[in-house]
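Each chain, letter by letter, is given below.
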Amino acid sequence: MTTPPWVSGQEAKPAPMPLLLVQSFVNTWDVDHARDLLLDPASASDWLTEAGLWDADRAPEPAELDLARRVRESIRALLVANGGGPPPAPVDLQAIRAAAQAARPALRVGSRGQVSIEAEPAGPLDAGLATLLLAIRDAQRDGTWQRLKACGNPDCQWAFYDRSHSRAGAWCDMATCGNRIKNRRLRQRRR
Ligand SMILES: [Zn+2]
């Protein structure tokens with residue numbers, strides 16, 4: 001599989017599509033490189049458009065990006081729970097619930113009678129967020145959702161897809177994350 005351009009070059013454990021979209025959305029925030037693709041309207045517009053989550057002639061407005069980042073951290077809280085962390089608190093769910101409320105899913109019947117749900121919301125960001133929510137719903141039904149986790153290293157929290165048989169993976173295995181843990185252990189041992 002060729003990696004889509006909107007997937008981070010550091011994605012060592014990619015999820016299958018369309019869950020990969022959710023994973024890549026969460027990983028637009030890269031704590032190790034202090035890089036947030038959803039902070040600046042121009043870079044956010046580029047990334048969201050490439051990922052098919054933004055379809056407008058204008059760049060997202062600061063308030064829209066603020067909502068997108070809050071939804072991202074909402075989803076991250078769900079991935080922390082998937083990784084064995086605490087269940088999301090009501091405050092963690094606020095942004096994703098707001099996105100769900102703004103979504104207007106529409107039922108469609110294709111030429112061969114295949115029934116699908118598509119996002120048909122008011123604004124371009126609502127449409128993109130609804131697409132993410134539908135991907136989460138599908139993954140929750142087919143059992144892949146539980147495998148999408150936030151890295152157990154609190155300094156990292158990178159979203160990774162756990163393909164292990166036991167489903168017990170807890171770390172993203174990103175080279176930088178591994179190094180960080182290793183360095184910390186080294187420091188502890190020296191003490
Ligand atoms: Zn990590």
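I will try to describe carefully the structure that is included in this document.

Thresholds applied
- Residues numbered from 1 in each chain as written.
- Predicted model: local features only at pLDDT ≥ 70, side-chain atom pairs only at ≥ 80, totals over all residues.
- Heavy atoms only, no water.
- Helix = DSSP H or I, 4+ residues; strand = E, 2+ residues; numbered from the N terminus.
- Contact = heavy atoms within 4.5 Å.
- Donors = N, O, S within 2.8 Å, 3.2 Å for Na, K, Ca; no water.
- Tetrahedral: all angles 85-135°; square planar, octahedral: opposite > 155°, others 65-115°.
- Buried < 20%, exposed > 50% of the residue type's maximum accessible area, 1.4 Å probe, protein only.
- Core = buried A, V, L, I, M, F, W, Y, C linked by side-chain atoms within 4.5 Å.
- Salt bridge = Lys/Arg side-chain N within 4 Å of Asp/Glu carboxyl O.
- Axes fitted to C-alpha atoms, helices over the stretch in contact; angles between N-to-C directions.
- Parallel < 35°, antiparallel > 145°, perpendicular 65-115°, else oblique.
- Left-handed = near helix turned anticlockwise from the far one by under 90°.
- Nonpolar A, V, L, I, M, F, W, Y, C, P; charged D, E, K, R; others polar.
- Phe/Tyr/Trp six-rings, centres within 6.5 Å; stacked < 30°, edge-to-face > 60°.
- Patch = residues over 30% accessible without salt bridge, like charges linked within 9 Å, V, L, I, M, F, W, Y side chains within 5 Å.
- Areas by Shrake-Rupley, 256 points an atom, 1.4 Å probe, with all protein chains shown as cover.
- Expected span 1.5 Å × (residues − 1).
- Bend = angle between axes of the 7 residues up to and from the residue.

Details of the side chain of N27
Topologically, N27 is positioned in the loop between α1 (19-26) and β1 (29-30). Among residues more than four places away in sequence, those in contact with N27 are E11, R35, W158 and A159.

Observations regarding the coordination of the zinc ion
When a metal carries six donors in an octahedron, the ideal angles between them are 90 or 180 degrees, while four donors in a tetrahedron ideally lie at 109.5 degrees. Looking at the zinc ion, the protein donor atoms are C151 (SG), C156 (SG), C172 (SG) and C177 (SG), and they sit 2.3 Å from it. Between the four donor atoms coordinating the zinc ion, the angles at the centre fall across 104 to 116°, so the site counts as tetrahedral. Each donor residue of the zinc ion belongs to the same chain, with the gaps between them written as C-x4-C-x15-C-x4-C. Of this pair, C156 sits in the loop between β5 (148-150) and β6 (159-161) while C177 sits in helix α6 (residues 175-190); the two residues are 21 residues apart in sequence, bridging distant segments of the chain. The pair formed by C156 and C177 is uniform in burial state, with each residue classed as buried.

Re the nonpolar core
Within the largest apolar cluster, 38 residues are counted, with the highest numbers of intra-cluster contacts made by V22, F25, I75 and W145. Those elements that provide at least two residues to this core are α1, α2 (41-50), α3 (62-82), α4 (90-102), α5 (124-142), β5 and β6. In terms of residues, this core owes the most to one element, α3, which gives seven residues. For V22, the residues in contact, after removing those within four places along its chain, are I75, L132, A135, I136, W145 and L148.

With respect to the pattern of salt bridges
Inspection of the entire model under this criterion finds 12 salt bridges. The closest approach of N and O atoms between D173 and K13, which form a salt bridge, is 3.2 Å. Here the residue D173 occupies a position in the loop between β6 and α6, and K13 occupies one in the segment before α1, the gap between them amounting to 160 residues. In this structure, the salt-bridge partner of R108 is E118, at a minimum N-O distance of 3.1 Å. Separated by 10 residues along the polypeptide, R108 in strand β3 (residues 105-109) and E118 in strand β4 (residues 115-119) bring together distant segments of the chain. Taking relative accessible area as the criterion, R108 reaches 33% and is therefore assigned partly exposed.

What about the packing of α1 against α5?
Between α1 and α5, whose axes approach to 8 Å, the crossing angle comes to 125°. Here α1 lies oblique to α5, going by the angle between them. Crossing of α1 against α5: the hand is left-handed. Residues L19, L21, V22 and F25 of α1 form the contact with α5, whose participating residues are L129, T131, L132, A135, I136 and A139. Considering only residue class, the contact of α1 with α5 consists of nine nonpolar, one polar and no charged.

Some points on the packing of aromatic side chains
All chains considered together, the criterion is met by one aromatic pair. Ring plane angle 40° and centroid distance 6.4 Å describe the contact between F25 and W47, whose orientation is recorded as tilted. Placement of F25 in helix α1 and of W47 in helix α2 is noted, with a sequence separation of 22 residues between them. The exposure class of F25 is buried, given its relative accessible area of 1%.

Digging into a nonpolar patch on the surface
Taken together, L107, V109, V115 and I117 make up a surface patch of nonpolar side chains, about 410 Å² in accessible area. Looking at the nonpolar patch, the elements with two or more residues in it are β3 and β4. Positionally, L107 belongs in strand β3.

Considerations on α4
Helix length check: α4 (13 residues) gives 18 Å between terminal C-alpha atoms against 18 Å at 1.5 Å per residue, within 8%. At I96, α4 shows its largest bend, some 30°. Among all positions of α4, only L93, A95, I96 and A99 are buried. Summarising the contacts, the buried residues of α4 are in contact with α3 and α5.

These figures come from the coordinates and say nothing about function on their own.
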